[in-house]
Amino acid sequence: MMNKSLIAGLVVGGIAVTALGSMAGYSYLDKAPEYAEVVASKAVYESYNVPVEQCTDQIVQQKAAVQDQHQIAGTVLGAVVGGVLGNQVGGGSGKKIATVAGAAAGGYAGKQVQNDMQNKDVESTTRRVCKTVQKKEQRVVGYDVTYLLDGKVHKTRLNEEPAERLPVKDGKLLTASAN
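Residues numbered from 1 in each chain as written. Predicted model: local features only at pLDDT ≥ 70, side-chain atom pairs only at ≥ 80, totals over all residues. Heavy atoms only, no water.

Draft legend 1. Up close: the nonpolar core. Counting 10 residues, the largest nonpolar core is built from Ala36, Val38, Tyr143, Val145, Tyr147, Leu149, Leu158, Leu166, Val168 and Leu173. Every element with two or more residues in this core is listed here: strand S1 (35-63), strand S2 (122-149) and strand S4 (165-169). Ranked by residue count, the leading element in this core is S2, at 4 residues. When sequence neighbours within four positions are dropped, the list of residues in contact with valine 38 reads Val145, Thr146, Tyr147, Pro162, Ala163, Glu164, Arg165 and Leu166. (Core = buried A, V, L, I, M, F, W, Y, C linked by side-chain atoms within 4.5 Å. Buried < 20%, exposed > 50% of the residue type's maximum accessible area, 1.4 Å probe, protein only. Helix = DSSP H or I, 4+ residues; strand = E, 2+ residues; numbered from the N terminus. Contact = heavy atoms within 4.5 Å.)

Draft legend 2. Broad picture of the pattern of salt bridges. Evaluation of the coordinates by the stated rule reveals 3 salt bridges. Among the ionic pairs, arginine 139 bridges to glutamate 46, the shortest N-O distance being 3.0 Å. Residue arginine 139 is located in strand S2, and its partner glutamate 46 is located in strand S1; the two are separated by 93 residues in the primary sequence. For aspartate 57, the salt bridge identified is with arginine 128, shortest N-O distance 2.8 Å. One end of the pair, aspartate 57, is in strand S1; the other, arginine 128, is in strand S2, and 71 residues separate them in sequence. The residues aspartate 57 and arginine 128 share a single accessibility class, namely exposed. (Salt bridge = Lys/Arg side-chain N within 4 Å of Asp/Glu carboxyl O.)

Structural data, given as structure tokens:
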């Protein structure tokens with residue numbers, strides 16, 4: 001048979017262990033949570049405009065530079081040809097009149113031909129044309145966060161993307177970036 005003191009010691013020890021365990025369990029259950037669980041996180045964006053220079057190359061046609069502005073070469077050449085042709089017509093003094101008239105008409109025609117040719121003579125150049133346009137961009141300005149704390153769902157906006165858990169003290173988020 002067992003000794004009475006041994007039995008009494010076991011009983012007192014069992015009671016002590018049970019009491020200490022229940023006190024520890026009670027303080028654990030009564031303790032506030034240290035973290036809140038993040039349920040969802042969504043980035044919040046802000047749109048803004050950025051000025052950007054946009055350039056294109058355009059082909060520009062302009063009248064070519066004229067070396068003989070008064071069409072002297074065309075006038076002289078036309079007068080010579082007209083004079084030669086006028087000289088072929090008539091006889092005697094009529095021949096001289098036809099030569100002079102041919103030279104005058106040829107000179108006028110030669111000047112007009114050269115003028116038309118100069119007006120049709122164009123040069124093509126490439127010109128760079130630039131303008132400032134507004135380009136739309138976006139940046140993240142925060143995160144709308146849904147979290148679970150003490151069995152309740154809460155929402156907040158944070159400046160930074162959250163981890164899976166958020167630190168809590170005295171029932172409030174410790175996150176410095178909470179708005």
